[in-house]
Amino acid sequence: MKPPLHTGKRLSASLLIAMAGVVGMTGIAGITGAAQAANPATQQDPAQLKQVALDFLTLQTSGLNGEVQITVADVDKRLNLQACDALNPYLPPGSKPWGKVTLAIKCGAPATWLIYLQANVQVTADYYVTANAISHGQVITMADLSKMRGDISKLPAGVVTSPEQAVGKSMQMSLTSGSILRADVLKSPAVVQQGQSVRVISTGPGFQVATDAVALNNASDGQVAKAKTSSGQTISGIAKNGGIIEIVY
């Protein structure tokens, strides 16, 4: 007996229906995936990154004297970063928080990624230049200083921003009138001088011992000074005002 002619047609129809179902399910899955990828809730908000950078730099410059103006560049729109619950901003080692700044922001969870943002930190403050020519070894007085105001982020590192940083200190080099005054060209006066009788104070947990000695070198406040005691022992400590050498155990 010959098989019915319509059997093949029924199988083909069933196959087509099954295939249509698979295609339909695939299409729905594809649309759902696309919707999830485009869902803003799963992506990092660029505005938040800028705010994190601004807050971080504001904190870093909070101790600076003067008016601080911070501008953070826009985040690259081509980036597609997963939303982060633990943003960690920081400056690369050796960076300073003013002038042209490159700031890093690292995500720790739920994803791990790292981006860099550019920022400009302008600090307008008073700074000091020499009011006249100053020679090597000269002790600075207020008459030697002239106050200026400008963006100190564009000036050399260590620029003097208050008279207290310079008055009473001596010059380690000569400068012409109008030169920017920096801390590294100034030397604090010696509080301990070689050959001077000094008081050595040793302190530690629960004790303090003082003895007399003779200084073996010149030292400014906070510098290391050496001295020889009456017993012939050579000791080292931190020079303090009043001819004192302090040793802390």
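Residues numbered from 1 in each chain as written. Predicted model: local features only at pLDDT ≥ 70, side-chain atom pairs only at ≥ 80, totals over all residues. Heavy atoms only, no water.

Colleague: How should I be thinking about the pattern of salt bridges in this particular structure?
Modeller: Counting across every chain of the model gives six salt bridges. For E67, the salt bridge identified is with R149, shortest N-O distance 3.6 Å. Of the two residues, E67 sits in strand β1 (residues 67-72) while R149 sits in strand β5 (residues 145-151), which places them 82 residues apart along the sequence. Taking the relative accessible area as the measure of exposure, R149 reaches 46% and is therefore partly exposed. A salt bridge links R78 to D76; the shortest N-O distance between them is 2.9 Å. Relative accessible area serves as the criterion here: at 74%, R78 is assigned to the exposed category. Among the ionic contacts, a cluster of salt bridges with common partners joins E67, D126 and R149. (Salt bridge = Lys/Arg side-chain N within 4 Å of Asp/Glu carboxyl O. Helix = DSSP H or I, 4+ residues; strand = E, 2+ residues; numbered from the N terminus. Buried < 20%, exposed > 50% of the residue type's maximum accessible area, 1.4 Å probe, protein only.)

Colleague: Where do I start with the pairing of strand β14 (residues 244-248) in this structure?
Modeller: Taken residue by residue, a regular strand's side chains alternate between the two faces of the sheet. Burial along β14 is one-sided: I245 and I247 are buried, while I244, E246 and V248, pointing the other way, are not. The pairing of strand β9 (residues 197-204) with β14 spans five bridges and is classified as parallel. Note on β14: the bridge partner recorded for I201 is E246. Between strand β13 (residues 234-240) and β14, which follow one another and run antiparallel, lie three residues, and G242 among them has a positive phi close to 90°. (Pairing = 2+ DSSP bridges.)

Colleague: What should I look at first to understand the state of the cysteines in this one?
Modeller: Such a bond, covalent and formed between the sulfur atoms of two cysteines, is termed a disulfide. Scanning the model with the defined rule gives one disulfide in all. Here C84 engages in a disulfide with C107; their sulfurs sit 2.2 Å apart. One disulfide, between C84 and C107, carries an S-S torsion of 105° and so falls in the right-handed class. Of the two residues, C84 sits in the loop between β1 and β2 (87-90) while C107 sits in strand β3 (residues 99-107), which places them 23 residues apart along the sequence. Classification of C84 by relative accessible area gives buried; the value is 9%. A relative accessible area of 0% places C107 in the buried class. (Disulfide = S-S within 2.5 Å.)

Colleague: Would you mind showing me how to read the pairing of β9 here?
Modeller: Note that β9 and strand β10 (residues 207-215) share eight bridges and pair antiparallel. Note that in β10 the partner of V200 across the bridge is T211. Counting the residues that bridge the hairpin from β9 to β10 gives two residues, and of these G206 lies at a positive phi of roughly 85°.

Colleague: What is the right way to read a nonpolar patch on the surface from this model?
Modeller: Where nonpolar side chains cluster on the molecular surface, the patch consists of F207, V209 and Y249 and spans about 330 Å² of accessible area. Counting through the fold element by element, Y249 comes out in the segment after β14. You can call Y249 exposed: its relative accessible area is 62%. (Patch = residues over 30% accessible without salt bridge, like charges linked within 9 Å, V, L, I, M, F, W, Y side chains within 5 Å. Areas by Shrake-Rupley, 256 points an atom, 1.4 Å probe, with all protein chains shown as cover.)

Colleague: Teacher, can you tell me more about the environment of I201 here?
Modeller: By the secondary structure assignment, I201 is in strand β9. Ignoring anything within four residues of it in the chain, the contact list for I201 reads Q208, V209, A210, I244, I245, E246 and I247. (Contact = heavy atoms within 4.5 Å.)

Colleague: Help me understand the packing of aromatic side chains, please; the structure alone is not making it clear to me.
Modeller: The geometry of an aromatic ring pair comes down to the distance between the two centres and the angle between the two planes. By the definition in use, this model includes one aromatic pair. Between F207 and Y249 the ring centres are 6.2 Å apart and the planes differ by 35°, which places this aromatic pair in the tilted class. Here F207 is found in strand β10, whereas its partner Y249 is found in the segment after β14, with 42 residues between them in sequence. Exposure remark for F207: the relative accessible area of 37% places this residue in the partly exposed category. (Phe/Tyr/Trp six-rings, centres within 6.5 Å; stacked < 30°, edge-to-face > 60°.)

Colleague: Help me understand helix α2 (residues 46-60), please; the structure alone is not making it clear to me.
Modeller: Because an α-helix completes one turn every 3.6 residues, residues spaced three or four positions apart along the sequence face the same direction. Given a rise of 1.5 Å per residue, 15 residues ought to cover 21 Å, and the 21 Å separating the end C-alpha atoms of α2 matches this to within 8%. Listed as buried for α2 are L49, V52, A53, F56 and L57. Looking straight down α2, one finds that the buried residues subtend no more than 125° of arc, so they occupy a single side. If you follow the buried residues of α2, they end up packed against β1, β2, β3 and β4 (113-130). (Expected span 1.5 Å × (residues − 1). Arc of directions from axis to C-beta.)

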